[in-house]
Amino acid sequence: MKTVLTSQARRRPSKRFAALVGAVVFLVLAGSGGAAAFWTAASQGVGGTVASTSISTTMTGVNGLDTTWSFAGAASNSPIVYATIPVTNTGGAPLSYTLAITNTNATLAGLTKLWLWNSTGACTAIPVGTAQITLSTAAPTLPTTNLAAGSSFTLCAATQLNSTVAASSGQSVTATFTITGRVGTNWVTTATGTTTQNVASIGVLSGVACVDFEGSNDKGVTISWSAVSAPSQVTYYLTGNGSPAAIWNGTTLSATVFGTRNPSVNGATVLYLQAKTASGGASNIVTIPIIRDHPAIYCG
């Protein structure tokens, strides 16, 4: 955004004033696409020259943080994504800078680590001692806060997911970085950039059905489902209520569970069905009501 500063002389009625009286007046005119600000400076003689300047700034490269998180295992296995973000004072006056961040998903933003630092070269490693914040930090401290007219600095940014892909599967967040340059308190110019970060998803698990099944020795249930729209090498898992261990896992689209196996509690209970990949991707979890009456189980 560009803001115009203008200094000019103002006439006073000569019959009532023997001298010019200096004044400072701020006026902001809002218009489409930005704002214009006018500054009337201290006293000048009649016929003084008109001087003007403008304030503006740019920021690019925030979208260098765009990524889709996809990794196996613990959050510590998450890669780190780096971005180089040049900030330039393109106006004619020195600026004092602040940064603000907003986001569209507070949960995922809070689980995304963020580091900010200055660099004179490539942004490829986080310096020791750099403060760690998150994408949910509303007003992070900038490593450089003042720029002379026409000068610039390189802001480095890095993010890392502090969650597993399975736990945050399918979530997405868009973070908007807004940098603001100021002259005093009344003159403001801003620039924005956005980044979108997604957590890998293997699609929605749907079409789940339960049918009672009678075997030669006991009664069970056959669970069937539709394939997820996912990468290859998807494994489906059935677990019992209160037990993280898989009752069944495989790559087919149906499974039969007998009453002689888990869950081991009589009465109404549930099975859970989920699809996972080796890289940590996971589908939604589908809850399947069943009734257990040992040694039989029935669809609930």
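Asker: Give a description of the sheet that holds strand β10 (residues 132-134) that names residues and reports values.
Answerer: Sheet architecture is open: five strands sit in the order β5-β7-β12-β9-β10, paired in antiparallel fashion. Each end of this open sheet is capped by a strand with a single partner; those strands are β5 (57-59) and β10. Across the sheet, the mean angle separating the axes of adjacent strands is 30° when strand polarity is ignored. Two elements, strand β7 (residues 80-89) and strand β12 (residues 152-161), share nine bridges in a ladder whose sense is antiparallel. Pairing of Y82 across the sheet is with A158, part of β12.

Asker: Provide a residue-level description of the nonpolar core, including the pertinent values.
Answerer: One finds M59, F177 and I179 to be the most contacted residues of the largest nonpolar core, which totals 35 residues. Residue assignment for this core shows that the elements contributing at least two residues are β7, β8 (95-103), α1 (106-110), β9 (112-119), β12, β13 (172-183) and β14 (187-199).

Asker: Before we move on, can you summarise the state of the cysteines with the specific residues and values?
Answerer: One pass over the structure, following the stated rule, counts two disulfides. One disulfide bridge connects C123 with C156, the sulfur atoms lying 1.9 Å from each other. Across the disulfide from C123 to C156, rotation about the S-S bond amounts to roughly -70°, and the bridge is consequently left-handed. With C123 in the loop between β9 and β10 and C156 in strand β12, this residue pair connects regions lying 33 residues apart in the sequence. Each of the two residues, C123 as well as C156, counts as buried. A disulfide bridge connects C210 with C299, and the sulfur atoms are separated by 2.0 Å. Because the torsion about its S-S bond is -90°, the bridge between C210 and C299 counts as left-handed. Taken as a pair, C210 in strand β15 (residues 209-214) and C299 in strand β22 (residues 296-299) lie far apart in primary sequence, 89 residues in all. Note on C210: relative accessible area 26%, which makes it partly exposed. Bonded cysteines in the protein chain are paired 1-2, 3-4 when counted in the order they occur along the chain.

Calculation criteria
Residues numbered from 1 in each chain as written. Predicted model: local features only at pLDDT ≥ 70, side-chain atom pairs only at ≥ 80, totals over all residues. Heavy atoms only, no water. Pairing = 2+ DSSP bridges. Helix = DSSP H or I, 4+ residues; strand = E, 2+ residues; numbered from the N terminus. Axes fitted to C-alpha atoms, helices over the stretch in contact; angles between N-to-C directions. Core = buried A, V, L, I, M, F, W, Y, C linked by side-chain atoms within 4.5 Å. Buried < 20%, exposed > 50% of the residue type's maximum accessible area, 1.4 Å probe, protein only. Disulfide = S-S within 2.5 Å.

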